[in-house]
Amino acid sequence: MDRLERALFRLEQGFELQFRLGPTLQGRPVHVYTNYPAKGHKFDRLTFRPLDWVYLNGQEDDSDKYCRLDLTVAGSYQYYFSCGENEKVGSGYIVVDPVLRVGANNDILPLDSITCQTYVPSCLGPLDGWLDRLRVAKETGYNMIHFTPLQKLGTSGSRCSLADQLELNSDLCPDGKHYTWMDVDNLVEKLRKDWNMVCITDVVYSHTAVDSEWLRLHPECGYNLVNSPHLKPAWLLDRALWRLSCEVADGKHAERGLPALIQNERQINVLRDVLWQQVFSRLRLWEFLQVRVDEAVQQFSRLLQAGGVVVGSGSERTKQLKIVQDPEHRCFGNTVDMNSALHAFTPHSTKLSHIQESCNSFRQRLEELNMELYKEMSHHAEQATKCIVESVVYERLAERGPKLGPVTRKHPLVARYFTFPFDEMSFEEEEQLMNQTDKACHFLAHNGFVMGGDPLSNFAEAGSQVFLRRELVCQDDSVKLRYGDKPEDCPYLWAHMKKYTEITAKVFAGVRLVNCHCTPLHVSEYMLDRARALRSDLYVVAELMQSSEEQQNVFATRLGITSLIGDTVNAWDGQDGAPWLSWFGKEPVGSFVQPSLQPLFPAAAHSMFMDMNHTQQSPIQMRSVYDCLPCSAIVSMACCATGSIREYDELLPHQISSVKEDRRYACWDPDAGISDTTRVSLQTGFLTGKLALNKLHQELAAQGFTQVYVDQLDEDVVAVTRHCPSSHQSVVTVSRRAFKNPEENHYKHDVPPMFIPGQIEEVVLEARTIVRRKSSNRKDDRIINGLSKYMVEVKEHIQLKDSKMVKKADMVSKPSGEFVQEVVFEKLTPGSVIVFRVSLEPRTQKLLGALRRHLIQFSPQYQTDSRTERRTPRVLTVPLKTIMSRLTLADMNMLLYRCDAEEREDGGGCYNIPSWFPLKYGGLQGLMSVMAEIRPKNDLGHPLCENLRQGDWLIDYISSRLLAKGGAVGEVGRWFQAMFSYLKPAPRYLLPCYFDAIIRGAYTTALEAVFQQMSSFVQNGSSLVKQLALGSVQMCGVGHNPALPPLSPQLKDIPHSSEGVNNQQEQSVSLAAGLPHFCVGAFRCWGRDTFIALRGLMLLTGRHLEARNIILAFAGTLRYGLIPNLLDQGKGTRYNCRDGVWWWLQCIQEYCSLVPDGVSILKCPVSRMYPTNVSEPQPAGAWVQPLHDVIQEVMQRHLQGIKFRESDAGPQLDRNMTDQGFNVEAKVDQDTGFVYGGNRFNCGTWMDKMGESEKAHNKGIPATPRDGSAVEIVGLCKSALRWLVSLHQNGHFPYATVTIRSEGRSLSVPYADWDQKIQENFEKNFYISHDALDPEEKHPELVHKRGIYKDSCGASSPWCDYQLRPNFTIAMVMAPELFSVQRAWDALDVVEKKLLGPLGMKTLDPDDMVYCGVYDNNLDNDDFNHAKGFNYHQGPEWLWPVGYFLRAKLYFAKKMGKDTYEKTVQLVKNVLSHHSVHLERSPWKGLPELTNESSQHCPFSCESHASSMATILEVLYDL
């Protein structure tokens, strides 16, 4: 039950989101709740509503039901689900992206087309002059403007230190004029409508300027010494450090070696000494943690002397004292919880000596605690010293630091952590202020951040020691705001910030969350909820670069962040370029087309990828001016929002100071010349290149170029491809970075050639950074200007031959027929960019266009144009659906399945993927199982994808395999051949996605055709029903050699092959026992397995004719009164199973009841191969009798008694069996009516493992002989008798009795009497009573489980009768009338607790001494019970008995009442959910024969077993 609060699920508006039950929740009362508002309702984060379940086909099936949300409102929404009494067992968030609109017609601005430019309002000047300066963004192709705060700033002038969040900055108002937020709104709306530009701005919730007037009036809005007294030690330390700083600035420590100008390590060492000796030692901060020992001991002594204390032994006393934290956090203010003291130091008696002894022990423990607290504070002091020293080193000595120079009051030794709004006074006077509430409330903690800290924890709250340990990177111009947990905790602050938010949301389309990681999440949630109430499609961006991906997801999901900001500034070398577009791209080139209904996987946050942002150092200082253009080109190719700042585009060589910059941005003037520093035109900086790149970025987003590929051609050459998956056009940008200035550093001349698939149509852009001949880099005093020495030379939309960067570009054809263009570069100098537009070669383009038109029949996603194909292959003029409708289900077995053994029997084999594995099937399912793993992950590096790219072997295998079959299957092969003919010439990178589209389309069409031929139960059933029904197609097929003997020529509707009139061969479908072990040759058809599976896989799926033929084919092989165990076409048969014939009779009974006019089968002619026990095999039609006579023979022979020795007995027949094991016997007990038989040397039921190990001495010994009367055979016999009685009464069966010879005379036994005899004797002989004195119990000493039914009766080893196994549940389903309801229910409860596993049933009680749940047929040691898999049925969990257990449970639950039945249905659904998951995940798409204990995979099991799938399908039918 997943909690997915830290997983990001992003969706666009218009999607339908479905919630479906996972396997652990199926069959349980689950309800889903969400705070996504119902239609017509407003969003309230705390209001959750339940979602209704939607049932497909009106059936309450847990595997298919779902809840749905139609997502039409942007924001962050939470969901959770409950299960029974558990109110909240799983939860998560979904984020719905906003829709931005621009222009007079409100056109949609796609998020991936955003190109954003940042502006600092103070550099724009008065509001009435903004348009001229902002026009630069419009003319250079930007469609979004980001403003840093427009509010009144604090005295520091820092852009994000706001003095008043509600007031517009007065700098925006010219003399004599007052602008309001309405004027800003008008400007923003003009930009949106007239310029098609969206405006966003910063919001700052974490802090406010230290000089905010409202903060002076409401100091409770910050962390002060009154509302946060835990900060007192940190404040005291901060004041001491300020005094030390002043002393250093005044030279008072110069004689000790600590001057004001700190220049070396020696002086740093002196600083360490001074800190420890003159600051920490004098402050005695440990006293804030400690207890006054004397006072505590006196109080303790008084309590003891007052009496009332329970006297203890003193021997087991614990010394756990509880220290009570002083709420005022005063020195020695902490106290001791005297209850804990009295408990820990109880005196031996009330004598004064004993009381004094306890007081002494108490004192000793207090002194120990105080010492521990002293050490704790010392550790904090050590960390504080370390942080102080590191800060001084960085600010004054480090090469990349600010080098502040001498310590002064303006630039103190370390930043101050708290405000101090009072005049200078002595340290002692300051200490007094700390305890004066009216003064202490104004000592406010500054804001900042903690390097490497947890962004989800608040560093200013109690419990954090960040201020004390000096770990805060402090912003001493701002105060950290203290919101509390809810608006009631600080009403003024919440109301103030709410109004600030509402003003912002009314004016701007979006916000950038400044210091997002430092703002409490619940605060940001509240404010954004208020903003979205006014502007539902609010665009929210934030920068969380120092957070982990998981932490970023927390912020993105909780706050509904649309885009996370990333930038290129930190990419110092070429190798850092490669991850960029894996972070900021959508999907790789050649990605698979995902189905319209698909699982929602956690996603990466959408990004705004920036050249740089306004808080960073200029890349020109960090790298070189030549790197700006190629770096920006890489950014523009990202499939996400992109952005930059004006300084970057205009080549400003330094960062604009957030405090000192008083110059203005230049205004736009298209005619401005090169030397004009006061105006901006396209000749400024690299604005010409920026315009081209912005236009390209927007064009790529608008035209669906959603796929990205990044290729590092060389250490400084990066190629980025954007690909359109519908038109298959590509745009390829090749950028040569310049990390160092090429004017001063050597770069190699040669650049590696590039191979571009397809044909280059044009050079979209060719640009390089060059030096102007006549220009200077003079810094203007009034206008912000960049390096005018440099410019960008740009050419757009030129032919390849006119390029100055391409030496040659020859078209080359690969052996596969793919065309690529080899591009050889020249003059691709550092700072250069070239962009190619690439299309497919014309012939390939036409072929893929035709292919896409043929794929439209599977999905409208492939729609491109309406052009028709001149010469369409005939087979493609017919919809595939029509072609598929001509295939029989036996043909579908060939098309979809057939494992390697089946394929090899036909002379082939399953396709083997080099460097990987062979496919599980030769048919389409083999591919679909692999593609289902590859497709959702876009795993284009998978060996199968690589094999497709390398050659046509796989696609040829698919069509050739089907063509070889001829007929309707061959027609499908021709369809594949024609479809693949379009694909073969395509660029190899496109083969996997189109191959998948073809295979998936054909596969889903085939499944539709399969289900159309099946019963309404399947057609209207759940997905689990359909998956299991496909087991019928998987297992039922026509092999190379017929598996069944020929049917009677008199029989109608016998299928034949269509190889010609004179060469017809009977093509009867046979049912394989399991894959891959039991599917070919003599081991394909097993009598018992066939008829356990036949009801589920053939009768319930509607394959009545094929089921009839299998029943009649086995009837023809009847011999000795038994059907074969191993069929082998009826010629190499073995008649060594006692139960197979009873399963056969059960299937005839089911056929009669389930099939319309099913009783007609009883008159069908049966061609007997063995009319007598000693007959040689007879040809078809030589000996024919109706099926009802064959049934009568079975009953007559059993009552008469069956006893024979297997033909050809000996090691040539079975190399493990002993001689006695070849003797087969089956009779009916005349007293009880029970069928019995077998001996201790053979095993005639489904538990038929024969020992094979000579080492372990178990060879020839059956592990589970189950001789006597096996419980399931008794149940099957009872079922048959009940049925025959009813058939005769209804005139469908001519026999009412069985006549046998006994003691020389004929004896007739009515079926009704036989039936009644079993009824009367069953519970007497099989039920193990709870009564230890039960007179019916013959062997009470062997009983070890009571309230169950025996596994057998009359076994040669009596203890075997009493073993708990799942077999009596089969009898419960076949003959429920044999069981008392309550007894049956209690016995089923024991089975559930002891035998039920995740997928299967334990075949033996885990409490049994020979239980072993792991089957290993290769193990050969001296362990009698395990060697050579002797424990095959002694613990491993078989799947098919689960079906009978669940069916029995459902049957008797109905008898127990409605409540019990409803609970049982939940249990059944929950059990079946595990089978559903296994089917979904198994590459075989089947259920295994067995698993090892606890559902562990067993490598010796069939991976897909007919009986397993059949019996689970029967459960669903019963439901």
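Quick caveat: nothing in here was measured; it's all calculated off a predicted structure.

**Student:** Got a minute to help me understand the overall build of the chain in this structure?
**Tutor:** Regarding its fold elements, the chain presents 40 helices and 55 strands. Overall size of the chain, expressed as C-alpha extent along the three principal axes, is 135 × 110 × 60 Å. Burial analysis of the chain (1519 residues in total) assigns 58% to the buried set. Accessible area for the chain stands at about 61900 Å²; split by element, carbon and sulfur atoms hold 49% of it. The centroid of the 163 positive side-chain charges in the chain is displaced by 3 Å from the centroid of its 182 negative side-chain charges.

**Student:** Where do I start with the pattern of salt bridges in this structure?
**Tutor:** Opposite charge on two side chains makes pairing possible when the charged atoms of those side chains draw close. Considering all chains together, one arrives at 89 salt bridges under this definition. Here K1469 ties to D62 by a salt bridge, and the two come within 3.5 Å at their closest N and O atoms. Taken together, the residues span a long stretch of sequence, with K1469 in helix α39 (residues 1458-1481) and D62 in the loop between β5 (49-50) and β6 (66-70) at a distance of 1407 residues. The exposure classification of K1469 matches that of D62, with both residues buried. Two residues, E1377 and K1278, come together in a salt bridge whose shortest N-O distance is 2.7 Å. With E1377 in the loop between α36 (1368-1374) and α37 (1381-1394) and K1278 in helix α34 (residues 1271-1289), the pair connects residues that are 99 residues apart, well separated along the chain. Under the relative-accessibility criterion, E1377 is labelled partly exposed at 27%.

**Student:** Is there a simple way to think about the packing of helix α24 (residues 943-950) against helix α27 (residues 991-1012) in this case?
**Tutor:** Helices that pack against each other are described as a pair by the angle of their axes relative to one another and the distance between those axes. Taken N-terminus to C-terminus, the directions of α24 and α27 make an angle of 105 degrees; their axes are 9 Å apart at the nearest point. The angle between α24 and α27 places the two elements in the roughly perpendicular class. Facing α24, whose interface residues are C945, L948 and R949, α27 presents L991, P992 and F995. For the contact of α24 with α27, a count of residues per class yields five nonpolar, no polar and one charged.

**Student:** Just checking my understanding: could you explain empty space enclosed by the protein for this structure?
**Tutor:** Rolled over the atoms, a probe as big as a water molecule pinpoints where empty space is left. Inspection of the entire model under this criterion finds 14 cavities of 30 Å³ or more. Taken as a whole, the largest cavity spans an internal volume of roughly 150 Å³. Lining the largest cavity are 17 residues, and of these D676, T684, N785, G786 and S788 lie nearest its centre. In terms of residue class, the lining of the largest cavity is made up of five nonpolar, eight polar and four charged.

**Student:** Looking at this structure, I do not really get the nonpolar core. What am I missing?
**Tutor:** Across soluble globular proteins, nonpolar side chains show a tendency to be buried alongside one another. One finds L895, L896, F976, W1144, I1148, L1187 and W1314 to be the most contacted residues of the largest nonpolar core, which totals 217 residues. With 14 residues, α27 is the single largest residue contributor to this core. Ignoring anything within four residues of it in the chain, the contact list for I1148 reads I1111, I1161, L1162, L1187, I1191 and W1283. Residues Y223, L225, V279 and W286 belong to the second largest nonpolar core, which totals 52 residues.

**Student:** Can you walk me through the sheet that holds strand β11 (residues 115-119) in this structure?
**Tutor:** Strand pairing in a sheet takes place through backbone hydrogen bonds and is either antiparallel or parallel in direction. The eight strands are arranged β11-β12-β15-β21-β22-β23-β25-β26 in a closed barrel whose pairing can be described as parallel. On average, each strand axis in the sheet is inclined to that of its neighbour by 30 degrees, with strand direction left out of account. Pairing analysis gives three bridges linking strand β25 (residues 607-610) to strand β26 (residues 641-645), with the strands arranged parallel. Directly across from M608, in β26, lies its bridge partner A641.

**Student:** What's the story with α37 in this structure? I'm lost.
**Tutor:** Spanning 14 residues, α37 covers 20 Å between terminal C-alpha atoms, matching the ideal 20 Å at 1.5 Å per step. If you check which residues of α37 are buried, you get A1384, W1385, A1387, L1388, V1390 and V1391. On its buried face, α37 is in contact with β50 (1348-1349), α36, β52 (1401-1402), α38 (1440-1456) and α39.

**Student:** Teacher, can you tell me more about the side chain of D61 here?
**Tutor:** Residue placement: D61 occurs in the loop between β5 and β6. Here D61 is buried and forms no salt bridge, its nearest opposite-charge partner K1469 lying at an N-O distance of 6.9 Å. Among the polar contacts listed, one links the side chain of D61 to the side chain of S1022, at a separation of 3.1 Å. Residue contacts for D61: discarding those within four places in its chain leaves Y55, S1022 and L1516.

**Student:** I'm lost on the packing of aromatic side chains in this one. Help?
**Tutor:** A ring pair, where both rings are aromatic, is described by two values, the distance of the centres and the angle of the planes. Throughout the structure, instances matching the rule amount to 60 aromatic pairs. One aromatic cluster in this structure is built from F1234, F1322, F1326, Y1327, Y1349, F1368, F1379, Y1451 and F1452. Above the plane of the ring of W53 lies K65, whose end atom (NZ or CZ) is 4.6 Å from the centre.

**Student:** Would you mind showing me how to read the packing of α34 against helix α35 (residues 1311-1326) here?
**Tutor:** Two elements in contact, α34 and α35, have axes whose closest approach is 9 Å; the angle formed by their N-to-C orientations is 150 degrees. Put simply, α34 runs roughly antiparallel to α35. At the point where α34 passes α35, the crossing takes the left-handed sense. From α34, V1271, V1274, C1277, K1278, L1281, R1282, L1284 and V1285 reach across to α35, where they touch Y1311, A1312, W1314, D1315, I1318, Q1319, F1322 and F1326. Across the contact of α34 with α35, the residue classes break down as twelve nonpolar, one polar and three charged.

Parameters at a glance
Residues numbered from 1 in each chain as written. Predicted model: local features only at pLDDT ≥ 70, side-chain atom pairs only at ≥ 80, totals over all residues. Heavy atoms only, no water. Helix = DSSP H or I, 4+ residues; strand = E, 2+ residues; numbered from the N terminus. Buried < 20%, exposed > 50% of the residue type's maximum accessible area, 1.4 Å probe, protein only. Areas by Shrake-Rupley, 256 points an atom, 1.4 Å probe, with all protein chains shown as cover. Lys, Arg positive; Asp, Glu negative; His and termini not counted. Charge placed at Lys NZ, Arg CZ, Asp CG, Glu CD. Salt bridge = Lys/Arg side-chain N within 4 Å of Asp/Glu carboxyl O. Axes fitted to C-alpha atoms, helices over the stretch in contact; angles between N-to-C directions. Parallel < 35°, antiparallel > 145°, perpendicular 65-115°, else oblique. Contact = heavy atoms within 4.5 Å. Nonpolar A, V, L, I, M, F, W, Y, C, P; charged D, E, K, R; others polar. 1 Å grid on protein atoms, 1.4 Å probe; cavity = no way out; pocket = protein on both sides within 12 Å on 5 of 7 lines; lining within 4 Å. Points joined across faces, edges and corners; volume = space filled by probe spheres on them. Core = buried A, V, L, I, M, F, W, Y, C linked by side-chain atoms within 4.5 Å. Pairing = 2+ DSSP bridges. Expected span 1.5 Å × (residues − 1). Polar contact = N/O pair within 3.5 Å; in protein donor to acceptor, adjacent residues only side chain to side chain. Phe/Tyr/Trp six-rings, centres within 6.5 Å; stacked < 30°, edge-to-face > 60°. Lys NZ or Arg CZ within 6 Å of the ring centre and 35° of its normal. Left-handed = near helix turned anticlockwise from the far one by under 90°.

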